[in-house]
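Summary of the model geometry
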Amino acid sequence: MMDEKNYRLSEIGEMMEAESIITENDFITEILTDSRSFRKGENFLFIAIRGRKEDGHDYVKGLYDKGVRSFVVERKPDLEKPDANWLVVSDSLSALQKFAGAHRRNFNYPVWGITGSNGKTVVKEWLFQLLSPDKRIVRSPRSYNSKLGVPLSLWLMREGHELALMECGISQKGEMAKLEEMVKPDLGIFTTIGPAHQENFDSYEEKVIEKMELFRDCPELLYCADHTLIHDTAKRVYTGKRVTWAENAEADLRIMDAEPVNDNHVEITGKYMGRLSKILIPFRDRASFENACLCWLALLHHGMADQIISERMAKLAPVAMRLEKIAGINNCTVINDAYNSDFASLNIALEFQAMKSKQLKRVVILSDILQTGEKPESLYRKVADLLEANGVKLFIGIGPTISKYARCFEKTESKFYDGTDQFLEEFATHEMHEMSILVKGSRVFRFERIVQRLEARNHETVLEINLNLMIENLNYIRSLLKPTTKLMAMVKAFAYGTGAKEVATILEYSGVDYLAVAYVDEGVSLRKAGIGLPILVLNPESSAYDAMIRYRLEPQIYSFRTLGLFLETLRIYADQMPYPVHIKINTGMNRLGFDLADISALAERLTELQSQITPRTVFSHLAASDGEEFDELTKRQIARFQEACAEIHKAGIKSFERHLLNSNGILRHPEAQMDMVRLGLGLYGLSSNEKFRKKLKPIHKLQTVISQIREVEKGEGIGYSPKELLTEKKSIGVIAMGYADGLPRKLGNGRGCVRVNGKMAPFIGNICMDMAMIDLSGIDCKEGDQVEVFGDHISIYQVAKNLETIPYEALTNISQRVKRVFYKE
Ligand SMILES: *Cc1c(COP(=O)(O)O)cnc(C)c1O
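Described in the following lines is the structure provided in the data block. All figures in this text were calculated on a predicted structure; none of them were measured in a lab. Here the residue numbering is sequential within each chain, running from 1 through the sequence in written order. Since the coordinates come from a predicted model, pLDDT governs what is reported: local features require at least 70, and pairs of side-chain atoms require 80 or more to be given and counted, while whole-chain, interface and lining totals use all residues. Water and hydrogen atoms were dropped before computing side-chain values, which therefore reflect all heavy atoms in the structure.

Side note on the packing of aromatic side chains
Here a pair means two rings of Phe, Tyr or Trp (six-membered ring of Trp) with centres within 6.5 Å. Their orientation is stacked below 30 degrees between planes, edge-to-face above 60, and tilted elsewhere. Taken as a whole, this structure holds 21 aromatic pairs when the rule is applied. Relative to Trp86, the ring of Phe71 has its centre 5.1 Å away and its plane inclined at 25°; by these criteria the two rings are stacked. Of the two residues, Phe71 is situated in strand 6 (residues 70–73) and Trp86 in strand 7 (residues 85–88); the sequence distance between them amounts to 15 residues. Exposure class is identical for Phe71 and Trp86. Each is buried. One aromatic cluster is present, built from ring pairs that chain together Tyr380, Phe395, Tyr405, Phe409 and Phe416. Positioned over the ring face of Trp155 is Arg158, at 4.9 Å from the centre of the ring. Numbering of helices and strands starts at the N terminus; helices are DSSP runs of H or I of at least 4 residues and strands are runs of E of at least 2. The rule is simple: take the accessible area with a 1.4 Å probe, protein chains only, and divide by the maximum for that residue type; under 20% is buried, over 50% is exposed, in between is partly exposed. Geometrically, a charge over a ring is one whose NZ (Lys) or CZ (Arg) sits within 6 Å of the ring centre while staying within 35 degrees of the ring normal.

Below, the structure is given as C-alpha cells:
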C-alpha cells in the first residue's frame, strides 16, 4: 500500500527557501498549480506561477474563497486573510522545482531519466508495460516533461513504489540543468535526436550536449550507438558507463537481423553478452523498431530473462500519444482517451475536456483504474471529487471495482456497469444530446468500441487537424519576434477552413494577443464559444454594427463613409464610448484603406472624435511580401505606412499600436515588426516561400474512404458525360467526396490524384457533387480503405498547383460539411 508522504507547511517552506508566514502549520496533501484542478477534500498548497499569459496570482483570492489556505506566492497579496498561510519566494516555479527535488531525494528506489527528441513518451510507456507486471512503477503522466511537468511528475513519487520513469524535455538552452537537479536519474536513456525545437539551438550538437546535461551525475546511460552524434558526444562529455544497442556500430546489444514475418510483425535477432536471442514486435515502422530495441536493451541490462522479455515484447501495445476530439452523434463531442486510466492522466483529460467544450454538458465514462496500489475507497473518492470540481454532470463507471465503490460518487448523477459489453447492450446512446463525453479507460476494457458507437459517421470524409503542430508553428513564429511585438492571429474564413472555434480556443490558451475575422458573424460565433480575446473585424457590414458592439467586436475603419456609418450606430451606445477601432491605411495594396492624401483630414477627425472612438491600432497590408521581386514595393509600403502613422501621432493621437506584417512579411521583413504582426497562413504551417516551408509544419490532413470498387470493361465510360471511354478493363474506386465537399471539378480527368495504400490513384472521369471516381489500377485495396486527398504524402501545395491556385484557396474550399477532427497530445 502506498504511504502518503505528507509534509508540514514549515518543512516545505524550508525546502523552498521561502519567507514563511504560517498561522496553522498543517500537513499538505496535494499541490496545485492550475486552479481548475481544485477539488474538495485535499489540503492543497497552491503555487502561483506566472505564465506567458496567465498569472497564478490572479487565482489566489478565488481559491481562498473555495477553501484553500496555503499559497506559494512571489508577493503577498493585499488580502485581509488572517488564517491564510503564505510562503513568499522570489520565483514560484523554481521554488516548486526545489521542493520536487527535495521530495525525490527522500526515496531510494531507482529513477530512470528519459530524454531525446522523439520517442520519449513511447519508450517510457513501453517500459511501463514491460516492467509493470512485477514492479510498482510511478511514471510521468502522458508527456509531462517540461520545467513544470517534471516537478509535478516527481511529486507523484511515493513510498512503496519500486521504480520511477521520468520523462524530461527541453525547448531551450539552459533548461536541462534545472531538470537534472531535480530528477538526479540513476539510469539514463537517450532516445533520438531530431529537429524538434531546433529554432532555439545553433546546431544539433549543441542540443545533444544540452540534453546530455540530464546525465551529468548519472552512473549509466543507454542509447543507440548508430546515432553518431549522440554516440560521439557521449564519448566526449559523458563520464559514466555507456550501454548501447546498434545495427551497425559495435554495441552491447548488437542487432543481427530484423525480418518482417507478416503484415504486422517484425522479428528481431540480437546478440547480447555473446548469446543470441529473438523478440517479435507487433509493429512494422522504423520508429517502433528503434524504440523497441532501446527497451529491449534496458530489460537485458536490468537482468530480465530472455523468455519473459520475448513474451512481453510480443504484447506491446501502441501508445496513444494524443487526446482526440471527435464529432459525435446528436451534436455531442467525444474526447477519446480510451487507452489509459490513471489518476494523473484523468486530471489532464478533464482539463482538455474543459478547454475544448466550454458550453456543453460534461459526461465522463471511466473504467476501473488498475495497478495503482492505492486503496480503492480513497482512490475513487478522489476521482469523485475531481469530477465534481470539473463540473461533470453525468458519470458512467464501467468495471467490477468501480461499480463496487458506486457509493463514492453519490454527489454526481451516475450509472454503473460491470463491463463494456453490458454498457453497450444496455445504454441508450440516443439519450446523449449536445454533451461533451470523455471516454477514458484501461486498455483491457477496450473502450474504443464505445468511441465507435458514439462517433458520428454519416459522412466518412474528415479533415484532421493537428493542434500540436499548430502550436509549434506559433512558437516558431514567436521565436522570430521581438519580445515586445504582439501577435494577432487571423482566424477569418473559419480559420482558413480549419475550424474557427477550436483554433481560437487554443490560441487564446496559448497567449495570442488579438484575433481577427472578416465578418461580424464570425466574431459573434467566437464570442458565443466563450472567446474573450479582443477581436478585430476586417470587413464589418453596416447592418451588423449593432451585433458588433453588443459582442465587443472591434471594427476596421477604412474610409470616411464607414467611419460616419459606424458613428451613427455607436450613438445609441453612449455607455460604450470611447469605442476601440482600427484604422486601415492603403499603402500600395489598393484595396481597402485611407490613402496618404486623406491622413491629415483623418487625423483631424480622429482628434474631434476622441470622446467617441479610440484608434486602438493603425495598420496596413502588404501586397506582395512573399517574393524578392517585390521588395521595392514592400519597402515603399513600409515607408508610406510609417509616414502615415507619424502624421496621426503628431496630430495628438497617441493611443494606437502599429502593425503591417502578415506571415510572409514576418518571415521576410523582420525590421517592420513594429508593435504587432498579423499571422495567418504560417499558423497553419504553410508558406509560399520555399525557405520557410521547411520550418513550418502543415497541420491539415484531408481523408476519405473508398465506398465501392468495381471492375469496368473496356469501351465503358466513367461517371457523367465521359470525355473518353476505357481502352482497357479497369478497377475503379468511388470515393465519398465531391465538389460540394471542396474537391473542385478541375481536378477530374487525371488532373489530380489521391493516395491509396501507398500508391497514387488519379481521378478518372468528371468529379461529381458528393463523389468522385479514381483509377485503382495496380493498387491492392478494398472497400472501406482510407484515401488521402492531401496530408503526409500529397502536399497541399501540390493540390493547389493542380488547381492552378494558392494553398489559401485549396484550404478554404473545404466545405463545412466535412467533419473536422482535432488532435492534441
Ligand atoms: C488575411 C490577412 C492577413 C494574414 O495573411 P497571411 O498571408 O495568411 O499571413 C493579414 N492581414 C490582413 C489584413 C489579412 O486580411
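Further notes follow.
A short note on the layout of surface pockets
Whether a set of points on the 1 Å grid over the protein atoms alone is a cavity depends on a 1.4 Å probe fitting there but being unable to get out, while an open set qualifies as a pocket with protein on both sides within 12 Å along at least five of seven lines; lining residues are those with an atom within 4 Å of a point. Grid points are joined across faces, edges and corners, and a volume is the space filled by probe spheres set on the points. In this structure, the second largest pocket occupies an estimated 940 Å³ of space. Looking at the lining of the second largest pocket, the elements that each hand over two or more residues are strand 17 (323–327), helix 11 (343–356), helix 18 (500–509) and strand 38 (819–824). Per-element tally for the lining of the second largest pocket: the top contributor is helix 18, with four residues. In this classification, Asp, Glu, Lys and Arg are treated as charged, Ala, Val, Leu, Ile, Met, Phe, Trp, Tyr, Cys and Pro as nonpolar, and every other residue, Gly included, as polar. Per-class residue counts for the lining of the second largest pocket are eleven nonpolar, ten polar and ten charged.

Some thoughts on the sheet that holds strand 10 (residues 163–167)
Read across the sheet, nine strands follow the order 9-10-8-11-12-13-14-15-16 without closing on themselves; strand pairing throughout is mixed. Only two strands of the sheet have a single partner each, and these edge strands are strand 9 (137–139) and strand 16 (275–281). Strand after strand, the sheet turns through a mean of 20° between neighbouring axes, direction not considered. Two strands qualify as a pair provided DSSP detects at least 2 bridges between them. Here strand 11 (residues 187–190) runs beside strand 12 (residues 220–224); their pairing, made up of two bridges, is parallel. Structural elements are reduced to axes, namely lines fitted to C-alpha atoms, with helices fitted over the stretch in contact, and the angle between N-to-C directions of any two is expressed from 0 to 180 degrees.

A few points about the site of the ligand
Around the ligand, a shell composed of Met490, Lys492, Tyr496, Leu538, His621, Asn662, Ser663, Arg678, Gly680, Leu681 and Tyr808 is seen. Polar contact is the term for a pair of N or O atoms within 3.5 Å; when the atoms are in protein, one must be able to donate a hydrogen and the other to accept it, and sequence-neighboring residues count only if both atoms are side-chain atoms. The separation between a nitrogen atom of the ligand and a polar side-chain atom of His621 is 3.4 Å. One of the side-chain N or O atoms of Asn662 is found 3.1 Å from an oxygen atom in the ligand. Looking at side-chain class alone, the shell around the ligand contains five nonpolar, four polar and two charged residues. Only heavy atoms are used to decide nearness, and a residue is near a molecule or strand if one of them lies within 4 Å of it.

Thoughts on the packing of helix 11 against helix 12 (residues 376–389)
It is the contact of helix 11 with helix 12, at a shortest axis distance of 11 Å, that shows an interaxial angle of 10°. Classified by the angle their axes make, helix 11 and helix 12 are roughly parallel. Contacts between helix 11 and helix 12 involve Phe343, Leu346, Asn347 and Leu350 on the former and, on the latter, Leu379, Lys382, Val383, Leu386 and Leu387. Across the contact of helix 11 with helix 12, the residue classes tally to seven nonpolar, one polar and one charged. An angle counts as roughly parallel when it lies under 35 degrees, as roughly antiparallel when it exceeds 145, as roughly perpendicular when it falls between 65 and 115, and as oblique in every other case. Here a residue-residue contact requires only that any non-hydrogen atoms of the pair lie within 4.5 Å.

Any functional reading would require information beyond the geometric quantities listed.
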